[in-house]
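A look at the structure
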Amino acid sequence: RTAWPFGPPDTILVALDDADAKSFQTFGKRGVWAADAARVYLRGEHQKKLDAGSFRFLCETETNCWAADDKGLYRSNGTLIVAGIDGRHFVKLNDFWGSDGKAVFSFMTGAIQKAIDAKSFVVTDESGGGRDAAFSYRVDNGSIRKTKR
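1. Examining the sheet that holds strand β14 (residues 135-140)
Taken in spatial order, the four strands of this open sheet run β12-β13-β14-β15, and their pairing is antiparallel. Only two strands of the sheet have a single partner each, and these edge strands are β12 (122-123) and β15 (143-148). The pairing of strand β13 (residues 129-131) with β14 spans three bridges and is classified as antiparallel. For R131, the partnering residue across the bridge sits in β14 and is S136.

Structure, rendered in structure tokens:
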């Protein structure tokens, strides 16, 4: 951390003012995202622009923890909001892929995959495979490999 409290976030506990203890929960192994009935927190900081009513934790990767609400898709590291994703319609397909029906997103690369046809995209296995009408895709060592079908 570069702000108080200093140290790894998973070893320092700090009371959150105004958090509702009855509904408060943390998400994932790292607990980077948390929420109660009225607020969403990222590393203990209230995220005022996120909607607690529609908030959903999606998954953790080695470099990020992912969440969404009706307003967007969010990463825990770097730029908070992922531009170009409709949060209201975003669905996590598996730990590798997600889609809002107009764009396919890779949790491994942290980016929208503009070359993939979202309307025809389907997950083919739980090891990073997928396909659209024209191509097959495979997540391999953090990159996406594309082959003609």
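2. Considering the sheet that holds strand β6 (residues 65-69)
A sheet is described by the order of its strands in space; here three strands give the open sequence β5-β6-β7, paired in antiparallel fashion. Edge positions in the open sheet fall to β5 (56-60) and β7 (72-75), since each of these has one partner strand only. This sheet shows a mean twist of 20 degrees between the axes of neighbouring strands, independent of strand direction. Where β5 meets β6, four bridges bridge the pair, whose relative direction is antiparallel. Pairing of F57 across the sheet is with A67, part of β6.

3. A closer look at the pairing of β7
Neither face of β7 is exposed, since G72 and Y74 on one face and L73 and R75 on the opposite face are all buried. As paired elements, β6 and β7 share four bridges and run antiparallel to each other. Paired with A68 across the two strands is L73, which belongs to β7. Here β6 folds back onto β7 in antiparallel fashion, the turn holding two residues.

Rules used throughout
Residues numbered from 1 in each chain as written. Predicted model: local features only at pLDDT ≥ 70, side-chain atom pairs only at ≥ 80, totals over all residues. Heavy atoms only, no water. Pairing = 2+ DSSP bridges. Helix = DSSP H or I, 4+ residues; strand = E, 2+ residues; numbered from the N terminus. Axes fitted to C-alpha atoms, helices over the stretch in contact; angles between N-to-C directions. Buried < 20%, exposed > 50% of the residue type's maximum accessible area, 1.4 Å probe, protein only.

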